[in-house]
Amino acid sequence: MERVVSRLLRRRSEWDSWRRGLAGERRVGAELSRLGRHGWRVLHSIPLANKVDIDHLLIGPGGVFSINTKHHDKRAVWVGDDSVKVDHGKPEPYARKSRAEAKRVARVLERYCDFPVSVQPVLVFVGVTELKVVATQLDVRVYQERQVSALAPLSGVLTADQVEQAYSVARHRQAWAQA
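Residues numbered from 1 in each chain as written. Predicted model: local features only at pLDDT ≥ 70, side-chain atom pairs only at ≥ 80, totals over all residues. Heavy atoms only, no water.

## Quick word on the overall build of the protein chain
Part 1: Counting its secondary structure elements, the protein chain contains five helices and eight strands.
Part 2: Taken from N to C terminus, the helices and strands of the protein chain fall in the order α-α-β-β-β-β-β-α-β-β-β-α-α.
Part 3: Counting only residues that meet the buried cut, the protein chain has 43% of its 179 residues in that class.
Part 4: Across the protein chain, contacts joining residues at least 24 apart in sequence account for 61% of those joining residues at least 6 apart.
Part 5: By element, 47% of the accessible surface of the protein chain is carried by carbon and sulfur atoms, the whole surface being about 10,500 Å². (Helix = DSSP H or I, 4+ residues; strand = E, 2+ residues; numbered from the N terminus. Buried < 20%, exposed > 50% of the residue type's maximum accessible area, 1.4 Å probe, protein only. Contact = heavy atoms within 4.5 Å. Areas by Shrake-Rupley, 256 points an atom, 1.4 Å probe, with all protein chains shown as cover.)

Following this line, the structure appears as structure tokens:
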């Protein structure tokens, strides 16, 4: 009922935010799925504790990438070393959260894989009018939705067997239960 009233009064609600986020994740997911022909495996919406999830996990010859999608339709985004501003608004901790998520993924995969697993954090912005990255020390890759294909040619990090082992681990819900 609250959702209907919000829509009738044209007020933004938590539901609108969730719906926009899901639309962004689907757009990025479609882009990532194209990388399959290059030896990449992708998982979407991996559930973790406390009603959070990993938007996308990309595993392939170029390594493992934990991808966090942010949908900011028709907005300008500025990315610094440790914060992100949308339309010159208050700083958001997207980069810090992406790094923490990547470390969480690495702990899970290394617990079950018989090789060291490095996970790179990635922020993908959907629907933005401008993306300005001014970071000098940023260890988080930053892309617009159509730019994630830049990951396709990466190689030399994981063998085909390691890709399959990490993917197999990542597919099991029990592996994420303690994450």
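## So, the pairing of strand E4 (residues 76–79)
Part 1: Residues Val77 and Val79 line the buried face of E4, whereas the alternating positions Ala76 and Trp78 sit on a face that is not buried.
Part 2: Bridge count for E4 against strand E7 (residues 130–133) is four bridges, and the pairing is parallel. For Ala76, the partnering residue across the bridge sits in E7 and is Glu130.
Part 3: Direction of pairing for E4 relative to strand E5 (residues 84–86): antiparallel, over a ladder of three bridges. Paired with Trp78 across the bridge in E5 is Lys85.
Part 4: Between E4 and E5, which pair antiparallel in sequence order, lie four residues. (Pairing = 2+ DSSP bridges.)

## Looking at the confidence of the model for the protein chain
Part 1: With 87% of its residues at a pLDDT of at least 70, the protein chain reaches an overall mean of 87.
Part 2: Confidence scores differ between elements of the protein chain, with helix H1 (residues 2–8) showing the lowest mean pLDDT of 57 and helix H4 (residues 160–170) the highest of 96. (pLDDT = per-residue confidence, 0-100.)

## Re helix H3 (residues 94–112)
Part 1: Here H3 contains 19 residues, and its C-alpha end-to-end distance of 28 Å stays within 8% of the 27 Å for a straight helix at 1.5 Å per residue.
Part 2: Looking at H3, one finds that the buried residues are Tyr94, Ala95, Ser98, Arg99, Glu101, Ala102, Val105, Ala106, Val108 and Leu109.
Part 3: Packing partners of the buried residues in H3 comprise strand E2 (53–60), strand E3 (63–71), E5, strand E6 (119–126), H4 and helix H5 (173–176). (Expected span 1.5 Å × (residues − 1).)

## Here we look at the packing of H3 against H4
Part 1: Viewed as axis vectors pointing N to C, H3 and H4 meet at an angle of 110°, and their least axial separation amounts to 10 Å. Compared by their axis directions, H3 and H4 come out roughly perpendicular. At the point where H3 passes H4, the crossing takes the right-handed sense. Facing Val108, Leu109 and Tyr112 of H3, the residues of H4 in contact are Gln165, Ala166, Val169 and Ala170.
Part 2: Tallied by class, residues from the contact of H3 with H4 come to six nonpolar, one polar and no charged. (Axes fitted to C-alpha atoms, helices over the stretch in contact; angles between N-to-C directions. Parallel < 35°, antiparallel > 145°, perpendicular 65-115°, else oblique. Left-handed = near helix turned anticlockwise from the far one by under 90°. Nonpolar A, V, L, I, M, F, W, Y, C, P; charged D, E, K, R; others polar.)

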